[in-house]
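Per-entry structural report
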Amino acid sequence: MNSTLYAALKLEKTMMFIILFLIIGVASLNIAGNLILLGTEKLRDIGIMRAMGASPRMIRKIFMWEAMAIAGLGIVLGLLLACLLCWIIATFNIVELPGDIYYLTKVPVRMQLWDIVAVIGGSCLICFVAGLYPAVKASRVHPTDAIRYG
């Protein structure tokens, strides 16, 4: 009976998913930029660590841990904020739809576990990929050049 309304809601859900991943992509670029800046600022320290025997793998692990710590904090805070916002919209009728135009008078909010898992998994993957370049770049620093020019 209201198939067009449900089709519009399904399209809106798909578009919101795409927009969310674009936002996550921008945030991951922010993480990558911060890690590149950190690698540039700490060039001398990285060189000293390499001169003291730290392997390139160890430097990569440090940078990846940093990237995933930033991503994890952002994901947890984003998840908590999203759950709070969904609860507020579902509990208090903040967004009202005109009853004479739409079949529903309030926006239906239903959080599905699969959607939450997909967003968390996709966010972790995107942030992991964003941390790879700065980690590899920092691990390729030659100790003597870093100490001399850092």
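As a starting point, this report considers the structure included with it.

Calculation rules
- Residues numbered from 1 in each chain as written.
- Predicted model: local features only at pLDDT ≥ 70, side-chain atom pairs only at ≥ 80, totals over all residues.
- Heavy atoms only, no water.
- Helix = DSSP H or I, 4+ residues; strand = E, 2+ residues; numbered from the N terminus.
- Buried < 20%, exposed > 50% of the residue type's maximum accessible area, 1.4 Å probe, protein only.
- Contact = heavy atoms within 4.5 Å.
- Patch = residues over 30% accessible without salt bridge, like charges linked within 9 Å, V, L, I, M, F, W, Y side chains within 5 Å.
- Areas by Shrake-Rupley, 256 points an atom, 1.4 Å probe, with all protein chains shown as cover.
- Salt bridge = Lys/Arg side-chain N within 4 Å of Asp/Glu carboxyl O.
- Axes fitted to C-alpha atoms, helices over the stretch in contact; angles between N-to-C directions.
- Parallel < 35°, antiparallel > 145°, perpendicular 65-115°, else oblique.
- Left-handed = near helix turned anticlockwise from the far one by under 90°.
- Nonpolar A, V, L, I, M, F, W, Y, C, P; charged D, E, K, R; others polar.
- Phe/Tyr/Trp six-rings, centres within 6.5 Å; stacked < 30°, edge-to-face > 60°.
- Lys, Arg positive; Asp, Glu negative; His and termini not counted.
- Charge placed at Lys NZ, Arg CZ, Asp CG, Glu CD.
- Disulfide = S-S within 2.5 Å.

1. Details of the side chain of S28
- Relative to the elements of secondary structure, S28 occurs in helix α1 (residues 3–41).
- Owing to a relative accessible area of 5%, S28 belongs among the buried residues under this scheme.
- When neighbours within four sequence positions are excluded, S28 is seen to be in contact with I126, C127 and A130.

2. Details of a nonpolar patch on the surface
- A cluster of nonpolar side chains, namely L11, M15, M16, I18, I19, L22 and I23, defines an oily patch on the protein surface of about 690 Å² accessible area.
- You can see I19 is positioned in helix α1.
- By relative accessible area, I19 is classed as partly exposed at 40%.

3. Considering the packing of α1 against helix α4 (residues 113–139)
- In the contact formed by α1 and α4, the axes pass within 9 Å of each other and the chain directions differ by 25°. By the criterion of interaxial angle, the relationship of α1 to α4 is roughly parallel. The hand of the α1/α4 crossing is right-handed. Mapping the contact onto sequence places K13, F17, L20, F21, I24, G25, S28, I31, A32, L35 and I36 in α1 and D115, A118, V119, G122, S123, I126, C127, A130, G131, Y133, P134 and K137 in α4.
- Partitioning the contact of α1 with α4 into residue classes produces 15 nonpolar, five polar and three charged.

4. Let's talk about the packing of aromatic side chains
- One pass over the full model with this rule turns up two aromatic pairs.
- With 4.9 Å between their ring centres and 75° between their planes, F17 and F21 make a pair best called edge-to-face. One end of the pair is F17 and the other is F21, both in helix α1 and four residues apart, which spans about a single turn.
- The partly exposed category is assigned to F17, whose relative accessible area is 34%.
- On the basis of an interplanar angle of 85° and a centroid distance of 5.7 Å, the ring pair of W87 and F92 is categorised as edge-to-face.

5. Some thoughts on a positive patch on the surface
- Together, R57, R60, K61 and R140 line one region of the surface with positive charge.
- Within the element layout of this structure, R60 appears in helix α3 (residues 56–91).
- Looking at R60, the relative accessible area reads 32%, which means it is partly exposed.

6. Some thoughts on the state of the cysteines
- Counted by the stated rule, this structure contains zero disulfides.
- Cysteine C86 shares no disulfide, and the gap to the nearest cysteine sulfur, in C83, comes to 6.7 Å.
- C124 provides the cysteine sulfur closest to C127, a residue in no disulfide bond, and the two sulfurs are 7.1 Å apart.
- Overall, C127 belongs to the buried group, its relative accessible area being 5%.

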